[in-house]
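Geometric and topological summary
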Amino acid sequence: MSYRIGLGVDFHQLTHGKKLWIGGIEIPHYKGALGHSDADVLLHAICDAMLGALCLGDIGVHFPNTAAEFKDIDSKILLRHTYALILNEGYTLVNIDSTLCLELPKISPYVDRMRETIAQIVELTVQDVSVKATTTERMGFAGREEGLMAYATVLLKKTGGAG
């Protein structure tokens with residue numbers, strides 16, 4: 001059996017007048033993430049982890065921020081498309097482990113919904129999707145609430161098909 005590991009990371013600036021989407025759900029906050037799409041930092045990191053595991057480039061290759069069709073797109077659509085690419089290559093996901101780095105808002109009330117949303121899109125059980133968070137102890141851009149970041153690691157398993 002062939003296994004592949006991928007690591008993804010994403011960063012977005014926080015600004016007034018935008019919605020904050022993390023893990024496929026909208027989180028009430030006085031700032032939102034700035035980006036070409038809905039700027040869901042967690043879903044973008046997961047996409048990059050899956051793409052990286054199979055050497056398929058990164059999220060910018062598949063969903064360029066210069067393409068009008070991706071302007072303000074729901075990142076759940078990007079995750080579905082990325083997952084389809086993985087399946088097309090003859091792989092499936094085993095698990096996802098992710099970490100958000102942000103000072104505020106506290107995301108613990110939203111983690112279960114994030115895990116459920118992600119699991120449904122990529123055909124995993126909730127027990128196979130980990131979403132954690134940490135602050136940066138008020139250091140750096142995340143600590144000053146200027147931005148947020150996410151890291152994701154995925155394990156893929158060869159199931160047959162292409163690739």
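Notes on the structure in this doc start here. Remember, it's a predicted structure, so these values are computed and weren't measured experimentally. (Residues numbered from 1 in each chain as written. Predicted model: local features only at pLDDT ≥ 70, side-chain atom pairs only at ≥ 80, totals over all residues. Heavy atoms only, no water.)

Below, the discussion takes up the packing of aromatic side chains. Under the defined criterion, the tally for this structure stands at 2 aromatic pairs. Residues F11 and F141 carry aromatic rings whose centres are separated by 6.1 Å and whose planes lie at 55° to one another, so their mutual orientation is tilted. Pair noted here: F11 is in strand β1 (residues 3-15) and F141 is in helix α5 (residues 140-143), with a separation of 130 residues, a long-range link. Ring centres of F63 and F70 lie 5.4 Å apart, and the angle between their planes is 85°; this geometry places the pair in the edge-to-face category. Owing to a relative accessible area of 15%, F70 belongs among the buried residues under this scheme. (Phe/Tyr/Trp six-rings, centres within 6.5 Å; stacked < 30°, edge-to-face > 60°. Helix = DSSP H or I, 4+ residues; strand = E, 2+ residues; numbered from the N terminus. Buried < 20%, exposed > 50% of the residue type's maximum accessible area, 1.4 Å probe, protein only.)

On to the side chain of D48, then. By the element assignment, D48 lies in helix α1 (residues 41-53). For the buried D48, no salt bridge exists, and the shortest N-O distance to an oppositely charged side chain is 14 Å, to R4. Reaching out from D48, the side chain makes a polar contact with the backbone nitrogen of I59 at a distance of 2.6 Å. Apart from residues no more than four positions distant in its own chain, D48 is found in contact with L7, G8, V9, D58 and I59. (Lys, Arg positive; Asp, Glu negative; His and termini not counted. Salt bridge = Lys/Arg side-chain N within 4 Å of Asp/Glu carboxyl O. Polar contact = N/O pair within 3.5 Å; in protein donor to acceptor, adjacent residues only side chain to side chain. Contact = heavy atoms within 4.5 Å.)

So, on to the pairing of strand β7 (residues 147-158). Note that β1 and β7 share 11 bridges and pair antiparallel. Bridging from a neighbouring strand, V9 pairs with Y151 of β7. (Pairing = 2+ DSSP bridges.)

What follows concerns the pattern of salt bridges. Tallied over the entire structure, the rule returns 5 salt bridges. One salt bridge in this structure joins K132 and D97, with 2.4 Å as the shortest N-O distance. With a gap of 35 residues between them, K132 in strand β6 (residues 129-134) and D97 in strand β5 (residues 91-101) connect regions that are remote in the sequence. On the basis of relative accessibility, which here comes to 35%, the residue K132 falls in the partly exposed class. By relative accessible area, D97 is classed as partly exposed at 33%. Taking the shortest distance from any N to any O, the salt bridge between R144 and E146 comes out at 2.9 Å.

Attention now goes to the nonpolar core. Of all hydrophobic cores here, the largest spans 47 residues; its most connected members are L100, M114 and I118. Elements supplying a minimum of two residues to this core: β2 (20-22), β3 (25-27), α1, α3 (75-88), β5, α4 (111-121), β6 and β7. (Core = buried A, V, L, I, M, F, W, Y, C linked by side-chain atoms within 4.5 Å.)

All right, on to α4 then. Those residues of α4 not exposed but buried are V111, M114, T117, I118, A119 and I121. Looking at the packing, one finds that the buried side of α4 touches β2, β3, α1, α3, β5 and β6. Trailing α4 by a residue or two, E123 shows a phi angle of about 55°, which is positive.

One way to put it is that α1 packs onto α3 with a least axis distance of 9 Å and a crossing angle of 15°. Between α1 and α3, the crossing angle belongs to the class labelled roughly parallel. The way α1 lies across α3 gives a crossing that is left-handed. Two secondary-structure elements touch here, α1 through L43, H44, I46, C47, M50 and L51 and α3 through S75, K76, L78, L79, T82, Y83, L85 and I86. (Axes fitted to C-alpha atoms, helices over the stretch in contact; angles between N-to-C directions. Parallel < 35°, antiparallel > 145°, perpendicular 65-115°, else oblique. Left-handed = near helix turned anticlockwise from the far one by under 90°.)

What follows is about a nonpolar patch on the surface. Together, L7, V9, F11, F141 and Y151 make up a nonpolar patch on the protein surface, roughly 450 Å² of accessible area in all. Broken down by element, the nonpolar patch gets its largest block of residues, 3 residues, from β1. Within the secondary structure, L7 sits in strand β1. (Patch = residues over 30% accessible without salt bridge, like charges linked within 9 Å, V, L, I, M, F, W, Y side chains within 5 Å. Areas by Shrake-Rupley, 256 points an atom, 1.4 Å probe, with all protein chains shown as cover.)

Where α3 meets α4, the closest approach of the two axes is 9 Å, and the angle between their N-to-C directions is 40°. In terms of axis orientation, α3 runs oblique to α4. Residues K76, L79, R80 and Y83 of α3 form the contact with α4, whose own contacting residues are T117, I118 and I121. Here the residues of the contact of α3 with α4 are counted per class, giving 4 nonpolar, 1 polar and 2 charged. (Nonpolar A, V, L, I, M, F, W, Y, C, P; charged D, E, K, R; others polar.)

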